[in-house]
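Structural description and commentary
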Amino acid sequence: MAGADSPTAEIVSHIGMGSLAGKSSLEVEELPLVKPQPIGKKISSVVITAQNRFVGPGSEKILRSIFHSIRIALLSNKLNLLLPCGPSAILVDKLTNNHGWVFFLSLIGIIPLAERLGWATEQLAFFTGPTVGGLLNATFGNATEMIISMLALKNGMIRVVQQSLLGSILSNLLLVLGCALFGGGIVHFRREQVFNKPSAAMNSGLLLMAVMGLLFPAVLHYTRTELHFGKSELALSRFSSCIMLVAYGAYIFFQLTSQNNLYTSINEEESPTVGKSDDEEVPDISKWESISWLFILTCFISVLSQYLVNAIEGASVAMNIPVAFISVILLPIVGNAAEHAGAVMFAVKDKLDISLGVAIGSSTQIAMFLIPFTVVVGWIMGLPMDLNFKLFETATLMMTVLVVAFMLQEGTSNYFKGLMLLLCYLIVAASFFVHIDSESVQDNPDDHP
């Protein structure tokens, strides 16, 4: 207890005398000496203080942030209702030998994972700017295709790798871009949408360069004009792959250093002051949460893709569907789920340049980076992975690139152009439904390590 002559006592006495100066003796007698407070409230405040001493406000904030991130990632999209299909595929594979169901369940289970991977990439793009964000979107949008290709290559399934990568290009150019142009044209029915014509022309040129890289090994093979039969074709493929990787690296450098990049909308270039709109989007999660989800989702897709690749041939026999149709049509539709939804959404919002950046940028990355990258990886692994995608597949790719290049040469879009691309994709799908490889080019994984 402090003494009566202490400074604190003097201050209290002055305050008390000042507050009682204007009151009568009766009123002074009725004033309570201590302010009443419930005992429960006192005890609870002591308990809360003790808890906060051990937990701390920082721990509470971290836990709240984690729960908020999980809620946004897993409960904010209706496609997440398909997430149980992934564990079901693993369970069916362990308990039964039904490759058809394993393939179907793992295929359905990858769809929400691919969509969430695209969502996490978009969240990260808020912190990196439009150019790097667009490149990240194209890169992680193709993460599913890359994982499936690497696993199939490891199993010696070279034709599955070739056809799935080819199918990803066809799906992006015809199905994804077609839906985007058709959806945007329907919403903006009374006028034509415009996009950045030079950027579209640059991507069309890169795609034609990729067609050249795939065409010459196939022509060399089918004309029987190889200098060393069976070796020149593989050597040309590996040399062309290195050239294509250099070209893609130069393209990335150009995009990062150029003033006008592919992922800037032409409408924003014309009116930069109108860039801040009322419906400007903000990120749902932080930068490090986005990076964490990218890592987690990539791991889950890798695990599920292993079951998917192992069940392809068994599913082909069980469902009586050619492996070519599964590789070219079914697998890319799953891998392009994120691009498909994003491209259509941006086209409806009249941001057609971003839609083209997603669809054509993804196709360019597969053609100029992922395909030659698998050739180099196969070279390192001692596998004869080459750029000879066979005559039927190469002709399909060449016609697709030419059709898309002609559709985009005017720099305008409408719903009819989108409808044309969708109808072209139906023709391609029907063609691969009746197409099978000859026995001489079919995969035999047992022959490879």
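Owing to the predicted nature of the structure, the values given are computational and were not obtained by experimental measurement.

The rules we used
Residues numbered from 1 in each chain as written. Predicted model: local features only at pLDDT ≥ 70, side-chain atom pairs only at ≥ 80, totals over all residues. Heavy atoms only, no water. Helix = DSSP H or I, 4+ residues; strand = E, 2+ residues; numbered from the N terminus. Buried < 20%, exposed > 50% of the residue type's maximum accessible area, 1.4 Å probe, protein only. Contact = heavy atoms within 4.5 Å. Axes fitted to C-alpha atoms, helices over the stretch in contact; angles between N-to-C directions. Parallel < 35°, antiparallel > 145°, perpendicular 65-115°, else oblique. Nonpolar A, V, L, I, M, F, W, Y, C, P; charged D, E, K, R; others polar. Polar contact = N/O pair within 3.5 Å; in protein donor to acceptor, adjacent residues only side chain to side chain. Patch = residues over 30% accessible without salt bridge, like charges linked within 9 Å, V, L, I, M, F, W, Y side chains within 5 Å. Areas by Shrake-Rupley, 256 points an atom, 1.4 Å probe, with all protein chains shown as cover. Salt bridge = Lys/Arg side-chain N within 4 Å of Asp/Glu carboxyl O. Expected span 1.5 Å × (residues − 1). Core = buried A, V, L, I, M, F, W, Y, C linked by side-chain atoms within 4.5 Å. pLDDT = per-residue confidence, 0-100.

**Digging into the overall build of the protein**
- If you tally the helices and strands in the protein, you get 18 helices and 2 strands.
- The burial tally for the protein puts 46% of its 449 residues in the buried class.
- Within the protein, contacts between residues separated by at least 24 positions form 84% of all contacts whose residues are at least 6 apart in sequence.

**Comments concerning the packing of helix H8 (residues 158-187) against helix H16 (residues 352-381)**
- In contact at an axis separation of 10 Å, H8 and H16 are set at 170 degrees when each is read in the N-to-C sense. Here H16 runs roughly antiparallel to H8, going by the angle between their axes. Two secondary-structure elements touch here, H8 through Val-161, Leu-165, Ser-168, Ile-169, Asn-172, Leu-173, Val-176, Leu-177, Ala-180 and Leu-181 and H16 through Leu-352, Ser-355, Leu-356, Ala-359, Ile-360, Ser-362, Ser-363, Ile-366, Ala-367, Leu-370, Ile-371 and Thr-374.
- Taken together, the residues of the contact of H8 with H16 sort by class into 16 nonpolar, 6 polar and no charged.

**Remarks on the environment of His-188**
- Relative to the helices and strands, His-188 resides in the loop between H8 and strand E1 (193-194).
- Residue His-188 is classed as buried on the basis of its relative accessible area, which comes to 17%.
- Taking the C-alpha atoms as reference points, His-188 and Asp-350, 162 residues apart in sequence, are found 8.0 Å from one another.
- Setting aside chain neighbours within four positions, we find His-188 in contact with Gln-193, Ala-347, Val-348, Lys-349 and Asp-350.
- Within polar-contact distance, the side chain of His-188 engages the side chain of Arg-191 at 3.5 Å.

**Looking at a nonpolar patch on the surface**
- A contiguous nonpolar patch, built from Ile-186, Phe-189, Tyr-415, Phe-416, Leu-419, Met-420, Leu-423 and Leu-426 and spanning about 750 Å² of accessible area, is present on the exposed surface.
- Looking at which element gives the most residues to the nonpolar patch, the answer is helix H18 (residues 415-433), with 6 residues.
- Mapped onto the fold, Leu-419 is located in helix H18.

**Structural notes on helix H14 (residues 323-335)**
- Over its 13 residues, H14 runs 17 Å from end to end, which matches the ideal 18 Å to within 8%, given 1.5 Å per residue.
- Summarising burial for H14: 10 of the 13 residues are buried, a large majority.
- For H14, every residue scored as buried is listed here: Ala-324, Phe-325, Ile-326, Ser-327, Val-328, Ile-329, Leu-331, Pro-332, Val-334 and Gly-335.

**What to know about the nonpolar core**
- One finds Phe-103, Leu-177, Leu-331, Leu-356, Ile-371, Leu-397 and Leu-408 to be the most contacted residues of the largest nonpolar core, which totals 98 residues.
- Sort the elements by how many residues they give to this core and H8 lands first, with 15 residues.
- Phe-103 has contacts with Leu-308, Ala-311, Ile-312, Ala-315, Met-319, Ile-326, Leu-330 and Leu-331, leaving out every residue within four places of it along the chain.

**Examining helix H9 (residues 197-222)**
- Under the 1.5 Å per step criterion, the end-to-end length of H9 is 37 Å for 26 residues, consistent within 8% with the ideal 38 Å.
- Where H9 terminates, the next one or two residues include Arg-224, which has phi positive at roughly 55 degrees.

**Things to note about the side chain of Ser-355**
- One can find Ser-355 in helix H16.
- Classification of Ser-355 as buried rests on a relative accessible area of 1%.
- When sequence neighbours within four positions are dropped, the list of residues in contact with Ser-355 reads Ala-180, Ala-343, Phe-346 and Ala-347.

**Thoughts on the confidence of the model for the protein**
- Counting all residues, the mean pLDDT for the protein is 79, and 77% of those residues have values of 70 or more.
- Averaged over each element, pLDDT in the protein is lowest for helix H2 (residues 25-30) (45) and highest for H18 (94).
- Considering only residues more than four positions removed or in separate chains, one finds that residues 39-55, a stretch of pLDDT under 50, has 4 contacts.
- In the model, residues 268-279 has pLDDT below 50 throughout and makes 3 contacts with residues more than four positions away in sequence or in other chains.

**Digging into the packing of helix H17 (residues 391-408) against H18**
- H18 packs onto H17 with a crossing angle of 175 degrees between their chain directions and a minimal axis gap of 11 Å. For the element pair H17 / H18, the angle class is roughly antiparallel. Counting all contacts with H17, which are made through Phe-392, Glu-393, Thr-396, Val-403, Val-404 and Met-407, the residues of H18 involved are Lys-417, Met-420, Leu-421, Cys-424, Val-428, Ser-431 and Phe-432.
- Among the residues forming the contact of H17 with H18, the class breakdown is 9 nonpolar, 2 polar and 2 charged.

**Regarding unusual backbone geometry**
- Non-glycine residue Arg-224 carries a positive phi angle of around 55 degrees.
- What makes Arg-224 exposed here is its relative accessible area of 59%.
- Phi angles above zero are rare outside glycine, and Lys-390 is one such case at about 75 degrees.
- Along the chain, Lys-390 turns up in the loop between H16 and H17.

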